[in-house]
Amino acid sequence: VTMIWNYEVGRIYRTDDKGKVLSETNYSHKDNGIVEIERVYVAPELRGKGAAHETMTVVADYLRKEGLKATATCSYAQAWLQKNKEQYSDILA
């Protein structure tokens with residue numbers, strides 16, 4: 001299955017080759033280059049297979065490249081940022 005990552009304002013997601021959303025992260029821009037990660041979604045058939053982790057890695061790498069920092073209201077994103085804080089300390093707000 002080919003997975004294509006799409007980047008929009010406030011949304012990073014990937015689809016399969018038919019356009020179905022497989023995983024998605026929604027975020028909003030706050031002040032001073034900080035984004036708040038509000039939601040991480042993974043399609044039911046991909047849950048438990050590392051898809052949410054992979055999605056957060058793509059988001060974190062994007063934020064790093066853009067020079068942004070992150071906070072999270074999404075409980076999964078909060079836990080992921082905490083768990084990976086050494087590797088991604090530069091994007092933690």
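Residues numbered from 1 in each chain as written. Predicted model: local features only at pLDDT ≥ 70, side-chain atom pairs only at ≥ 80, totals over all residues. Heavy atoms only, no water.

Can you walk me through helix 2 (residues 75-83) in this structure?
Buried residues of helix 2: Ala77, Trp80 and Leu81, and no others. Down the axis of helix 2, the buried set is contained in an arc of 95°. They therefore lie on one face. Turned more than 90 degrees away from the buried face of helix 2 sit Ser75 and Lys83, all of them exposed. Where helix 2 is buried, its residues contact strand 4 (34-42), helix 1 (51-66) and strand 5 (69-72). (Buried < 20%, exposed > 50% of the residue type's maximum accessible area, 1.4 Å probe, protein only. Helix = DSSP H or I, 4+ residues; strand = E, 2+ residues; numbered from the N terminus. Arc of directions from axis to C-beta. Contact = heavy atoms within 4.5 Å.)

Where do I start with the pairing of strand 1 (residues 4-8) in this structure?
One face of the sheet, then the other: side chains in a regular strand alternate in exactly this way. As paired strands, strand 1 and strand 2 (residues 11-15) are joined by 5 bridges and run antiparallel to one another. Considered in strand 2, the bridge of Tyr7 is made with Ile12. Between strand 1 and the antiparallel strand that follows it, strand 2, lie 2 residues; Gly10 among them carries a positive phi value of about 80°. (Pairing = 2+ DSSP bridges.)

Just checking my understanding: could you explain the pattern of salt bridges for this structure?
Two side chains bearing opposite charge may form a pair once their charged atoms approach each other closely. For the structure shown, the criterion picks out 7 salt bridges. When the shortest N-O distance is used, the salt bridge between Glu24 and Arg11 registers 2.5 Å. Of this pair, Glu24 sits in strand 3 (residues 21-29) while Arg11 sits in strand 2, placing them 13 residues apart in sequence. On the basis of relative accessible area, Arg11 is assigned to the partly exposed category, the value being 21%. One salt-bridge network, in which partners are shared between bridges, spans Glu8, Arg11, Glu24 and Arg39. (Salt bridge = Lys/Arg side-chain N within 4 Å of Asp/Glu carboxyl O.)

Is there a simple way to think about the nonpolar core in this case?
Generally speaking, soluble globular proteins have nonpolar side chains that are buried together. Counting residues in hydrophobic clusters, the biggest one holds 25 residues, and the most contacted among them are Ile37, Val40, Met56, Leu63, Ala77 and Leu81. Secondary structure elements with two or more residues in this core: strand 3, strand 4, helix 1, strand 5 and helix 2. For this core, the element with the highest residue contribution is helix 1, accounting for 8 residues. The residues touching Leu81, leaving out its near neighbours within four places in the chain, are Ile37, Met56, Ala70, Ala72, Ile91 and Leu92. (Core = buried A, V, L, I, M, F, W, Y, C linked by side-chain atoms within 4.5 Å.)

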